[in-house]
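# Notes for the structure review
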Amino acid sequence: MSIDKQAEDTAVADLLPNEPVRSLAPYKQGKSEAAGHADPIKVSSNESPLGASPRALEAYRKVGDSLFRYPNGAQTELRQALGEVFDLNPDQIVCGNGSEEVQSLLIRAFVSPGDEVIVSEHAFVMARIHATVQGAKIVDAPEPNHRTDVDEILNRVSPSTRMIVLASPNNPIGDYLPKPEFDRLVRAVPPHVIIVYDGAYADFVTEPDFTHGFEYVSKHRNVVVTRTFSKLYGLAGLRIGWMYGDMSVIEPVQRIRTPFNANIAALAAAEAAVRDVDHAARVRDHNSAWLKRIRTHLEQIGLDVFPTVANFYLIRFPDEGPHTAQKAYQHLMAAGIIPRPVNAGGPSGSLRITVGLDHENEAVLNALTTFMEA
Ligand SMILES: Cc1ncc(COP(=O)(O)O)c(C=O)c1O
């Protein structure tokens with residue numbers, strides 16, 4: 001072997017990432033371009049079509065004058081606003097750079113190499129990545145009926161289990177775990193196992209048997225709820241999320257949180273957004289009304305749509321014939337509509353579509369109708 005080649009091999013070996021990182025594939029983002037369409041309809045990332053509250057936008061613009069300042073590292077005003085609106089103790093809230101970051105803080109604070117982390121099949125994919133990097137063993141809990149399955153989780157709890165991660169509503173299905181089932185899970189899980197209850201889409205849910213999970217925190221120190229401003233509040237671009245937990249969970253997280261993990265613009269806009277409960281209700285109503293209309297229409301044209309309470313819906317297409325998911329994807333893209341194929345992390349042959357503005361939803365339904373007629 002030449003000296004150059006030897007040096008090259010040594011250099012490559014030196015640059016090898018940590019053992020767990022070697023097995024990871026990069027996160028795949030939703031597409032935002034459709035060839036030939038300057039202004040496509042992007043319904044691939046579950047963003048809010050109605051945008052942020054006008055009050056949040058005003059707060060965002062105003063904060064421009066203070067960009068030379070560090071943010072309030074104690075996140076006082078936003079925690080206070082969240083406490084008032086959701087009737088929670090602000091001391092038990094930690095905000096971060098998206099709920100994705102708060103989940104990573106939880107994992108870093110509580111999961112050690114060799115621990116087992118049970119991840120329900122349709123929980124957020126990043127939790128898997130953070131736990132893997134931490135050296136944990138990921139234990140997958142299937143969702144055979146396309147919603148979190150408590151028995152599948154409980155059957156996998158072992159003496160090595162440290163954390164359970166689930167999303168309700170889940171993604172990419174959009175179904176939720178009814179409160180009696182969450183109750184059963186919480187009661188059966190040993191108290192040293194942290195249950196991360198990811199409510200990224202919880203703000204959209206109006207079903208009476210849904211639980212936001214907050215009420216469990218005071219009775220069960222191991223339950224932690226994570227929430228985001230990326231979905232109903234329309235602040236995905238600012239990256240701001242939060243968690244609510246018992247002080248015994250919050251305090252270790254505070255020890256590892258970098259002091260300015262939530263930026264000044266995100267804190268200001270999120271505070272105004274959460275206080276604008278009328279805007280939040282408008283977004284929720286728009287979403288619920290469209291979900292009903294969409295379901296009725298899709299069923300009429302012979303498409304199979306999963307039950308959903310989130311701001312997206314998942315359509316399952318036949319595996320063969322003229323109406324496969326791949327063909328539907330091409331048809332929608334040709335019409336300037338960008339859906340999300342969910343080959344990885346969802347039922348095969350499915351497309352996930354975000355509820356959009358009126359004209360966007362109509363365009364999607366029209367395109368799917370012509371597709372099914374073809
Ligand atoms: C279930 C679920 N949890 C968490 C997130 C992350 O949200 P954030 O933007 O707050 O990081 C997403 C994003 O799509 C999600 O689908």
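Scroll up to find the structure this text is about.
For every chain, the first residue of the written sequence is number 1, and numbering continues from 1 along that sequence. Whole-chain, interface and lining totals are the exception, using all residues; otherwise, since this is a predicted model, local features are given only for residues with pLDDT of at least 70 and side-chain atom pairs are given and counted only at 80 or more.

Moving on: the nonpolar core. A general feature of soluble globular proteins is that nonpolar side chains tend to end up buried together. The term nonpolar core means buried Ala, Val, Leu, Ile, Met, Phe, Trp, Tyr and Cys residues held together as one set by C-beta atoms within 7 Å. We call a residue exposed when 12 or fewer other C-beta atoms sit within 10 Å of its C-beta, buried when the count reaches 20 or more, and partly exposed for counts in between; the C-beta positions come from the backbone. The biggest cluster of nonpolar side chains holds 99 residues, and the ones touching the most others in it are Ile195, Val224, Leu235, Ala269, Ala270 and Ala273. Ignoring anything within four residues of it in the chain, the contact list for isoleucine 195 reads Ile164, Leu185, Val186, Val189, Asn222, Val223 and Val224. Here the contact rule is simple: place C-beta atoms from the backbone, and any two residues whose C-beta atoms are within 7 Å are in contact.

So, on to the packing of helix H12 (residues 277-300) against helix H14 (residues 358-373). Simply put, an axis is a line fit to the C-alpha atoms, just over the touching stretch for a helix, and the angle between two N-to-C directions goes from 0 to 180 degrees. Per the convention used, a helix needs a DSSP run of H or I reaching at least four residues, while a strand needs a run of E reaching at least two, with both numbered from the N terminus. Viewed as axis vectors pointing N to C, H12 and H14 meet at an angle of 10°, and their least axial separation amounts to 11 Å. Of the possible angle classes, the one that applies to H12 and H14 is roughly parallel. Counted together, Trp290, Ile294, His297 and Leu298 of H12 and Asn361, Leu365 and Leu368 of H14 form the full contact between these two elements. Amino acids outside the nonpolar list (Ala, Val, Leu, Ile, Met, Phe, Trp, Tyr, Cys, Pro) and the charged list (Asp, Glu, Lys, Arg) are all regarded as polar, and Gly is one of them. Of the residues contributing to the contact of H12 with H14, the split by class is 5 nonpolar, 2 polar and no charged. Oblique is the label for every angle not falling under 35 degrees (roughly parallel), over 145 degrees (roughly antiparallel), or within 65 to 115 degrees (roughly perpendicular).

At the junction of serine 168 and proline 169, the peptide bond is cis and its omega measures out at -5° in the coordinates. Here the residue pair asparagine 171 and proline 172 is connected by a cis peptide bond, since its omega of 20° sits within 30 degrees of zero. Among the secondary structure elements, proline 172 is positioned in the loop between strand E5 (161-167) and helix H8 (179-188). For asparagine 46, which is not glycine, the phi torsion reads 60° and is therefore positive. The topology assignment puts asparagine 46 in the loop between strand E1 (41-42) and helix H3 (54-62). Owing to 23 C-beta atoms within 10 Å, asparagine 46 belongs among the buried residues under this scheme. Within the chain, glutamine 75 stands out as a residue other than glycine whose phi angle is a positive 55°. When the 26 C-beta atoms within 10 Å are taken as the criterion, glutamine 75 is described as buried.

Below, the discussion takes up the site of the ligand. To decide whether a residue is near a molecule or strand, its C-beta atom is placed from the backbone and checked for lying within 6 Å of it. Of all residues adjacent to the ligand, which total 13 residues, the nearest are Gly98, Glu100, Phe124, Thr228 and Ser230. When its residues are assigned to classes, the shell around the ligand shows 4 nonpolar, 7 polar and 2 charged.

Taking strand neighbours across the sheet as the criterion, the 7 strands line up as E2-E8-E7-E6-E5-E3-E4 in an open arrangement whose pairing is mixed. In this open sheet, the two strands that pair with only one neighbour each are strand E2 (93-96) and strand E4 (137-141). Shown here is a sheet whose adjacent strand axes are inclined to one another by a mean of 20°, direction ignored. Pairing between strands is defined by DSSP: at least two bridges between the two strands are required. Pairing geometry for strand E3 (residues 116-120) and E4, over 5 bridges, is parallel. Paired with isoleucine 118 across the strands is valine 139, a residue of E4.

Turning our eyes to something else, we now look at the packing of H3 against helix H11 (residues 264-275). Put simply, H3 and H11 touch, their axes get as near as 7 Å, and they point 155° apart. Of the possible angle classes, the one that applies to H3 and H11 is roughly antiparallel. Between H3 and H11 lies a crossing of right-handed hand. In this structure, H3 contributes Arg55, Ala56, Glu58, Ala59 and Tyr60 to the contact, and H11 contributes Ala265, Ala268, Ala269, Glu271, Ala272 and Ala273. For the contact of H3 with H11, the residue count by class is 8 nonpolar, no polar and 3 charged. Whether a crossing is left-handed or right-handed is set by the direction in which the near helix is turned from the far one by less than a right angle, anticlockwise for left-handed and clockwise for right-handed.

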